[in-house]
Amino acid sequence: MEQTDNIEALMERIKEQETMYEFDRIDEELALQMGFYVVRRAREMGKPVATRITLNRRTLFSLSMAGTKPESDNWLRRKENLAYATNQSSYFWECWCEQGLHPFEWRGMSYEDYAPAGGCFPLCIKGAGMVGTLTISGMASHEDHALAFETVEKAMHGELGIDVSGLI
């Protein structure tokens, strides 16, 4: 996802992305495939990232690549908290804040526990809505978000190209 000065249009695109894909189910195998896909793509881009995939706040996949910083886990946690609290991506809320609006002040959210920074994308199941998160930290916000969305999109189309049979 590219950077832009048109925040309103970007927010609309993010909202569209959040409603484009709903899985029939999310399980450990899918999380492992998505997690390995994120790591492979980050390596191809030459960017060390930390990533975590959760289902109802239970961690299904987590990895911090060599070169990530110790605070990456805290960034993952804070981005996830925001997505779980709002049922929206953390990048949407970063854009909201860029407009000069401060939802944390009137929502009772603190920056200590919630991060309006791109990289946490909601995972949804048909008929249930948001049930989990795919979170990436380590690149620029728009890059974290773009890779998370790319991963969800590839997963929905069966295009991850990751074979985990026999691993779990």
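A brief report on the enclosed structure follows. Keep in mind it's a predicted model, so treat the numbers as computed, not measured.

**Notes on unusual backbone geometry**
Then, in step 1: The backbone of Asn56 shows a phi angle near 50 degrees, a positive value even though the residue is not glycine.
Then, in step 2: By the secondary structure assignment, Asn56 is in the loop between β1 (50–55) and β2 (58–64).
Then, in step 3: In this structure, Arg57 takes a positive phi of about 70 degrees despite not being glycine.
Then, in step 4: Mapped onto the elements of the fold, Arg57 is located in the loop between β1 and β2.

**A word on the environment of Thr133**
Then, in step 1: The residue Thr133 is located in strand β4 (residues 129–137) in this model.
Then, in step 2: The spacing of Thr133 and Leu123 is 10 residues in sequence and 5.1 Å in space, taken between C-alpha atoms.
Then, in step 3: If near-sequence neighbours (up to four positions away) are discounted, Thr133 is found in contact with Arg52, Ile53, Thr54, Glu80, Ala83, Tyr84, Cys120, Phe121 and Leu123.
Then, in step 4: Here the side chain of Thr133 touches Thr54 through a polar contact of 2.6 Å, side chain to side chain.

**Focus on the sheet that holds β1**
Then, in step 1: Taken in spatial order, the 4 strands of this open sheet run β2-β1-β4-β3, and their pairing is antiparallel. Each of the sheet's edge strands pairs with one partner strand only, and the pair in question is β2 and β3 (120–125). Strand-to-strand twist in this sheet, taken as the mean axis angle between neighbours without regard to direction, amounts to 15 degrees.
Then, in step 2: As paired elements, β1 and β4 share 6 bridges and run antiparallel to each other. Counted as the bridge partner of Arg52 is Thr135 from β4.
Then, in step 3: Against the sheet, helix α6 (residues 141–156) contacts β3 and β4, and its axis sits at roughly 130 degrees relative to β4.

The rules behind each value
Residues numbered from 1 in each chain as written. Predicted model: local features only at pLDDT ≥ 70, side-chain atom pairs only at ≥ 80, totals over all residues. Heavy atoms only, no water. Helix = DSSP H or I, 4+ residues; strand = E, 2+ residues; numbered from the N terminus. Contact = heavy atoms within 4.5 Å. Polar contact = N/O pair within 3.5 Å; in protein donor to acceptor, adjacent residues only side chain to side chain. Pairing = 2+ DSSP bridges. Axes fitted to C-alpha atoms, helices over the stretch in contact; angles between N-to-C directions.

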